Amino acid sequence: MSSNTLAKSAPAAAGPPAETGEAHPRIVRRPRTGQWLAAVVVLVLLALAALSVIRNDAFQWDVVADYFTSASVLRGLGLTLWLTALVMALGFALGTLLAVMRLSANPVLRAVSWGYVWLFRSMPILVQLLFWFNIGALYPHILGIRTVDLFGPVTVAIIGLTLHEAAYAAEVVRGGILSVDRGQIEAAQALGLSRLRRWRRIILPQAMRSIVPPAGNMLIGTLKGTSIVSVIAVQDLLYSVQLVYHRTYQVIPMLLVATIWYVVVTSLLSAGQFYVERHYARGSERTR
């Protein structure tokens, strides 16, 4: 067969489709007048609220500026941050132990862990602090030392807050461990990895994706919750500003000082939580 015959029998190359002369329909966006109107109304209300706060002389912003970085306020802030860090470290250490006990095959350990979580989650934190503050009424002496000398206000605050946080931390850690697929653990066992390496290389890195978000919320909650220790005369941030306004009667501006410091610190902690969550989420979802 000649090349001319092959050329004639070959199908014609597909070219661009013939124009029909019909115009494509144009997509017209639906007007969103209601949404824009609602946005304008909200912005106007926010602007009016901001102006009322700024122009209201009763807020005494000059007093806020004078006391914002005063020595007493900064000492109270330092104690608040130190107390928050210590309570979170001790609370999660005890909470991790309780979570491991709860997941143990030993029924006694499971029962003890469950009972601890049940008891301390059922009691209000203020009741716990007052109970430990008055522990001397039950035990006047411990190891030959007067309980009043052994349990000062700061020690009582550490004990009460730590025991309270440990109950919640135990559930957070337990939930994170249970979120790890069982097949991952069985595969690590099949490879002959030791129990410590399984926890360090397999379980904890995956569990942290579920632990970090609620742990970050607990950290922020603990920071704000430390203000309750002011009822037992621990000189944290709130108690420090209370000492000032009891002397000067400038209640509103001193409460604003404490509020602004709490907002600043919680905002920094929230930013840090975002980056920690993104670090442990690597490989599980796309980074935005």
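Residues numbered from 1 in each chain as written. Predicted model: local features only at pLDDT ≥ 70, side-chain atom pairs only at ≥ 80, totals over all residues. Heavy atoms only, no water.

Caption draft 1: How the structure looks around the overall build of the chain. Scanning the chain from N- to C-terminus turns up 12 helices and two strands. Seen in sequence order, the chain has helices and strands lined up from the N terminus as α-α-α-α-α-α-β-β-α-α-α-α-α-α. For the chain, with 288 residues in total, the buried portion stands at 30%. Put simply, of all contacts in the chain between residues at least 6 apart along the chain, 75% involve residues at least 24 apart. Surface accessibility of the chain: about 19,100 Å² in total, with carbon and sulfur atoms responsible for 64%. (Helix = DSSP H or I, 4+ residues; strand = E, 2+ residues; numbered from the N terminus. Buried < 20%, exposed > 50% of the residue type's maximum accessible area, 1.4 Å probe, protein only. Contact = heavy atoms within 4.5 Å. Areas by Shrake-Rupley, 256 points an atom, 1.4 Å probe, with all protein chains shown as cover.)

Caption draft 2: Spotlight on the pattern of salt bridges. Counting across every chain of the model gives two salt bridges. A salt bridge links E171 to R102, with the nearest nitrogen and oxygen atoms 3.3 Å apart. Of the two residues, E171 sits in helix α8 (residues 153–178) while R102 sits in helix α4 (residues 71–102), which places them 69 residues apart along the sequence. E171 sits in the partly exposed class, given a relative accessible area of 21%. (Salt bridge = Lys/Arg side-chain N within 4 Å of Asp/Glu carboxyl O.)

Caption draft 3: Local environment of the packing of helix α6 (residues 125–133) against α8. It is the contact of α6 with α8, at a shortest axis distance of 9 Å, that shows an interaxial angle of 140°. On the basis of their axis angle, the class for α6 and α8 is oblique. In the crossing of α6 with α8, the sense of the turn from one axis to the other is right-handed. Where α6 approaches α8, its residues I125, Q128, L129, W132 and F133 are matched on the opposing element by P153, V156, A157, I159, G160, L161, L163 and H164. (Axes fitted to C-alpha atoms, helices over the stretch in contact; angles between N-to-C directions. Parallel < 35°, antiparallel > 145°, perpendicular 65-115°, else oblique. Left-handed = near helix turned anticlockwise from the far one by under 90°.)

Caption draft 4: Representation of a nonpolar patch on the surface within the structure. Residues L37, V40, V41, V44, L45, L48 and L51 make up a contiguous nonpolar surface patch of about 630 Å² in total accessible area. Along the chain, V44 turns up in helix α2 (residues 33–55). By relative accessible area, which is 42% here, V44 ends up partly exposed. (Patch = residues over 30% accessible without salt bridge, like charges linked within 9 Å, V, L, I, M, F, W, Y side chains within 5 Å.)

Caption draft 5: Expanded view of the packing of aromatic side chains. Enumeration according to the criterion identifies six aromatic pairs in this entry. Seen from their ring centres, F59 and W61 are 5.7 Å apart, and the 15° between their planes marks the pair as stacked. For W61, a relative accessible area of 33% corresponds to the partly exposed category. A ring pair is formed by F131 and W132, whose centres lie 6.0 Å apart and whose planes are at 85°; its orientation type is edge-to-face. (Phe/Tyr/Trp six-rings, centres within 6.5 Å; stacked < 30°, edge-to-face > 60°.)

Caption draft 6: A look at the nonpolar core. Judged by nonpolar contacts, the single largest core of 16 residues is most densely connected at V73, L237, V241, M254, V257 and W261. Secondary structure elements with two or more residues in this core: α4, α11 (237–248) and α12 (251–280). Residue contributions to this core peak at seven residues, all from α12. When residues no more than four places from it in sequence are discounted, the contact partners of V241 are V73, M254, V257 and A258. Among the nonpolar cores identified, the runner-up in size contains 14 residues, and A99, A169, I203 and I211 belong to it. (Core = buried A, V, L, I, M, F, W, Y, C linked by side-chain atoms within 4.5 Å.)

Caption draft 7: A look at the side chain of S230. Mapping S230 onto the fold places it in the loop between α10 (195–225) and α11. Polar side-chain contacts of S230 include one of 2.8 Å to the backbone oxygen of S227. Ignoring anything within four residues of it in the chain, the contact list for S230 reads D236, L238, Y239 and Q242. (Polar contact = N/O pair within 3.5 Å; in protein donor to acceptor, adjacent residues only side chain to side chain.)

Caption draft 8: Highlighting unusual backbone geometry. Its identity as a non-glycine residue notwithstanding, A233 has a phi of 65°, on the positive side. Following the sequence through the fold, A233 ends up in the loop between α10 and α11. Residue classification places A233 among the partly exposed residues on the basis of a relative accessible area of 40%. Positive phi, normally seen in glycine, also occurs at Y249, with a value near 65°. Residue placement: Y249 occurs in the loop between α11 and α12. By relative accessible area, Y249 is classed as exposed at 70%.

Caption draft 9: Geometry of the packing of α8 against α10. As a packed pair, α8 and α10 sit with axes 8 Å apart at the nearest point and diverge in direction by 140°. Note that α8 runs across α10; the crossing there is right-handed. Contact residues: E165, Y168, A169, V172, V173, G176 and I177 in α8; W199, I203, A207, S210, I211, P214, A215, M218 and T222 in α10. Class assignment for the residues of the contact of α8 with α10 results in 12 nonpolar, three polar and one charged. (Nonpolar A, V, L, I, M, F, W, Y, C, P; charged D, E, K, R; others polar.)

Caption draft 10: Broad picture of the environment of L269. Here L269 is to be found in helix α12. Ignoring any residue separated from it by four or fewer positions in sequence, one finds L269 in contact with L219, I220 and L223.

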